[in-house]
Amino acid sequence: MSYAGKNLKYLRKLRGWTQEDFATRLKIKRSLLGAYEEERAEPRLEVLELVSDLFKVSLDELFLKDLGETKGSYIAKRRAQKLATEPTVIQFVPVKAAAGYLNGFADPEFIDELNTFTLPMLAPGQYRAFEILGDSMLPTPSGSIIVGEKVEDLEAVKTSNTYIVVSRQEGIVYKRVMKNPRSKQKLTLVSDNPVYQPYQVDASDIVEVWQAQMVITRANLQQRWDVDQLATIVTNLQEQVSSLKKKMN
């Protein structure tokens, strides 16, 4: 008898995650996780390997041991799980290191030289932080730090979401990404500040993509908008949407 499905449910609740939260971390659909937890389907090995890594338990324990029956109170087990989880280390890429990053992003020695920090609210994953300058993403102010989670496959990019895009031609930029349904070879990068026009990059030119998870800014630097500014922004956005639709069609 396999305890895998029962243990998935137990470990999820131990960490305080919803099925949607847990399914996202396991890179599966919520409905499939539900089938696993209700023991209507047997979890795949690659899913259990992710669970094993997240919770620091062996595959044998997941398959053969009812983890909910182990000694100790629920609170004690949950505290132990939190203590066993190593904090996520985030490498910080300041503007002055941006040029070197284009050459050293795949060099472990270069990455090890970057300063690091941790944020307790992030789920397990691979994260990196980038300093951005300029007003192209207002109201996000110049000098903000964008904390991004690594996107391994461009297919996973969600249109209209914000990303740090690292490419050979454009360097490191923070933009909204629009996917072209007719071509996977190009992505359109859009600024939140409508003064800047959208532009396209070749997918083959992109070396890294990091989905923005958090924005860290200095206090009192947030841009304030007046009514006239907002009206201009709305008008420009409407024009950009119309232009993008024409390009995509």
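Residues numbered from 1 in each chain as written. Predicted model: local features only at pLDDT ≥ 70, side-chain atom pairs only at ≥ 80, totals over all residues. Heavy atoms only, no water.

Attention now goes to the pairing of strand S9 (residues 206-216). Pairing analysis gives six bridges linking strand S4 (residues 145-150) to S9, with the strands arranged antiparallel. Residue Ile-146 lies in a different strand from S9, and its bridge partner there is Val-215. Strand direction decides the pairing type here: strand S5 (residues 162-167) and S9, joined by five bridges, are antiparallel. Bridge assignment links Tyr-163 to a residue of S9, and that residue is Gln-211. (Pairing = 2+ DSSP bridges. Helix = DSSP H or I, 4+ residues; strand = E, 2+ residues; numbered from the N terminus.)

What follows is about the layout of surface pockets. The gaps of empty space that remain are located by a probe, the size of a water molecule, rolled over the atoms. The computed volume of the largest pocket comes to approximately 1,600 Å³. Every residue lining the largest pocket is counted, 40 residues in all, and those nearest its centre are Ala-123, Pro-124, Gly-125, Tyr-127 and Glu-149. Elements with a contribution of two residues or more to the lining of the largest pocket: helix H2 (19-26), helix H4 (45-55), S4 and S9. With four residues, the single largest contributor to the lining of the largest pocket is H2. Classifying every residue of the lining of the largest pocket gives 17 nonpolar, nine polar and 14 charged. (1 Å grid on protein atoms, 1.4 Å probe; cavity = no way out; pocket = protein on both sides within 12 Å on 5 of 7 lines; lining within 4 Å. Points joined across faces, edges and corners; volume = space filled by probe spheres on them. Nonpolar A, V, L, I, M, F, W, Y, C, P; charged D, E, K, R; others polar.)

Here the focus is the packing of aromatic side chains. Enumeration over the complete set of coordinates arrives at seven aromatic pairs. Aromatic pair Phe-130 and Trp-210: ring centres 6.1 Å apart, planes at 55°, arrangement tilted. Pair noted here: Phe-130 is in strand S3 (residues 127-131) and Trp-210 is in strand S9, with a separation of 80 residues, a long-range link. The burial state of Phe-130 is the same as that of Trp-210; both residues are buried. Through pairs of rings, three or more aromatic residues link up here, namely Tyr-101, Phe-105, Phe-110, Phe-130 and Trp-210. When the ring centre of Trp-17 is taken as origin, the NZ or CZ atom of Arg-25, which lies over that ring, is 4.2 Å away. The ring of Tyr-196 carries Lys-175 above its face, with NZ or CZ at 5.9 Å from the centroid. (Phe/Tyr/Trp six-rings, centres within 6.5 Å; stacked < 30°, edge-to-face > 60°. Buried < 20%, exposed > 50% of the residue type's maximum accessible area, 1.4 Å probe, protein only. Lys NZ or Arg CZ within 6 Å of the ring centre and 35° of its normal.)

As a further point, take the packing of helix H1 (residues 4-15) against H4. For the pair H1 and H4, interaxial distance at closest approach is 12 Å and the crossing angle is 35°. Read as a crossing pair, H1 and H4 show a hand that is left-handed. Residues Ala-4, Leu-8, Leu-11, Arg-12 and Arg-15 of H1 touch H4, and the partners they reach there are Leu-48, Val-51, Leu-54 and Phe-55. Among the residues making up the contact of H1 with H4, the classes are represented as seven nonpolar, no polar and two charged. (Axes fitted to C-alpha atoms, helices over the stretch in contact; angles between N-to-C directions. Left-handed = near helix turned anticlockwise from the far one by under 90°. Contact = heavy atoms within 4.5 Å.)

Once that is clear, we can look at the sheet that holds strand S6 (residues 171-180). Pairing within the open sheet is mixed, and its nine strands lie in the order S2-S1-S3-S4-S9-S5-S6-S7-S8. At either margin of the open sheet sits one strand with a lone partner, and together these are strand S2 (116-118) and strand S8 (199-202). Strand-to-strand twist across the sheet, computed as the mean angle between neighbouring axes with direction ignored, equals 45°.

Here we come to the environment of Asn-193. Note on placement: Asn-193 falls in the loop between strand S7 (183-190) and S8. Residues Asn-193 and Leu-237, 44 residues apart in the sequence, show an inter-C-alpha distance of 8.9 Å. Apart from the residues within four sequence positions on either side, Asn-193 is in contact with Asp-135, Ser-136, Met-137 and Leu-138.

Here we come to the side chain of Ser-136. Its place among the elements puts Ser-136 in the loop between S3 and S4. Under the relative-accessibility criterion, Ser-136 is labelled buried at 17%. Reaching out from Ser-136, the side chain makes a polar contact with the side chain of Lys-175 at a distance of 3.1 Å. Residues within four places of Ser-136 in sequence aside, it is in contact with Lys-175, Ser-191, Asp-192, Asn-193 and Tyr-196. (Polar contact = N/O pair within 3.5 Å; in protein donor to acceptor, adjacent residues only side chain to side chain.)

These figures capture arrangement, not role.
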